[in-house]
Amino acid sequence: DGGITQSPKYLFRKEGQNVTLSCEQNLNHDAMYWYRQDPGQGLRLIYYSQIVNDFQKGDIAEGYSVSREKKESFPLTVTSAQKNPTAFYLCASSFSPRGVNTEAFFGQGTRLTVV
Amino acid sequence: AQKVTQAQTEISVVEKEDVTLDCVYETRDTTYYLFWYKQPPSGELVFLIRRNSFDEQNEISGRYSWNFQKSTSSFNFTITASQVVDSAVYFCALSGDSGAGSYQLTFGKGTKLSVIP
């Protein structure tokens, strides 16, 4: 089945540790996104990538890093510099040729808790 | 800068009632796209509708309907004869050209709908 797979579903991290969230898609989409969701805050964009080997910061990129070495994969690393990393993280992808915007499809999310 | 406002934080209705979820947006782009997503308790966002800024026709899909009015910068969502399965958080989102042909989705804070049997 085509879709977006995020893993793990739940993740616990000790303070001071880096952790990487996985996002894989088999929809052949060019664009991929990472969002953070906090209660009552909606979704906020962390990073996005329009093509392989290129990505841009979103609204809340501090303390996060990404890579886009393959079209299908867009992993997100939550570094120790992120002061409040406990949140629900959603990955998305879309088919977005230049000048046109289509809907984004989302994974099931990863709930990260710092202990 | 883009902004999406969903003024209703939570709404409760009794099953079979109609309910309208409000969405007001701000953008300076002449070409933009509006979306509605549903987030059930499982967490995954489910795409419901996309509308571009040049298409002001209202749309109906089963019990769902959308009213897009550029004059008031609104894109409201109505559920007719609500059902318990409609209980979820609903997000309105806006996408405009953030430069060099790239688009970013800006989300509202969501409206939590509870349908009581």
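Above this text you will find the structure in question.
Just so you know, these numbers come straight off a predicted model, no measurement behind them.

Participant: Honestly, the pairing of strand 6 (residues 46-52) of chain B in this entry has me stumped. Any pointers?
Facilitator: Two faces make up the sheet, and in a regular strand the side chains alternate between them. All names here are of chain B. As paired strands, strand 5 (residues 32-39) and strand 6 are joined by 6 bridges and run antiparallel to one another. Among the inter-strand pairings, Lys38 is bridged to a residue of strand 6, identified as Val46. The turn joining strand 5 and strand 6, which pair antiparallel and follow one another in sequence, is formed by 6 residues; a positive phi near 105° is taken by Gly43.

Participant: Whenever I open this one, the sheet that holds strand 7 (residues 64-66) of chain A confuses me. Can you help?
Facilitator: Adjacent strands of a sheet pair through backbone hydrogen bonds, lying either parallel or antiparallel. Residues and elements named next belong to chain A. The strand order across the open sheet formed by 4 strands is 1-3-8-7, and the pairing between neighbours is antiparallel. A single partner strand is all that each edge strand has here, and the edge strands are strand 1 (4-7) and strand 7. This sheet shows a mean twist of 20° between the axes of neighbouring strands, independent of strand direction. Direction of pairing for strand 3 (residues 19-25) relative to strand 8 (residues 76-78): antiparallel, over a ladder of 3 bridges. Note on strand 8: the bridge partner recorded for Thr20 is Thr77.

Participant: Would you mind showing me how to read the side chain of Gln82(A) here?
Facilitator: All names here are of chain A. Tracing the backbone shows Gln82 in the loop between strand 8 and strand 9 (87-94). Residue classification places Gln82 among the buried positions, given a relative accessible area of 11%. Engagement of the side chain of Gln82 in a polar contact is seen with the backbone nitrogen of Asn84, the distance being 3.0 Å. Setting aside chain neighbours within four positions, we find Gln82 in contact with Arg13, Arg36, Glu62, Gly63 and Tyr64.

Participant: What should I look at first to understand the pairing of strand 5 of chain B in this one?
Facilitator: For strand 5 of chain B, the buried fraction is high: 8 of the 8 residues fall into the buried class. Burial of strand 5 of chain B is two-sided: the residues Tyr32(B), Leu34(B), Trp36(B) and Lys38(B) facing one way and the residues Tyr33(B), Phe35(B), Tyr37(B) and Gln39(B) facing the other way are all buried.

Reading the values: the criteria
Residues numbered from 1 in each chain as written. Chains lettered and ligands numbered in written order. Predicted model: local features only at pLDDT ≥ 70, side-chain atom pairs only at ≥ 80, totals over all residues. Heavy atoms only, no water. Pairing = 2+ DSSP bridges. Helix = DSSP H or I, 4+ residues; strand = E, 2+ residues; numbered from the N terminus. Axes fitted to C-alpha atoms, helices over the stretch in contact; angles between N-to-C directions. Buried < 20%, exposed > 50% of the residue type's maximum accessible area, 1.4 Å probe, protein only. Polar contact = N/O pair within 3.5 Å; in protein donor to acceptor, adjacent residues only side chain to side chain. Contact = heavy atoms within 4.5 Å.

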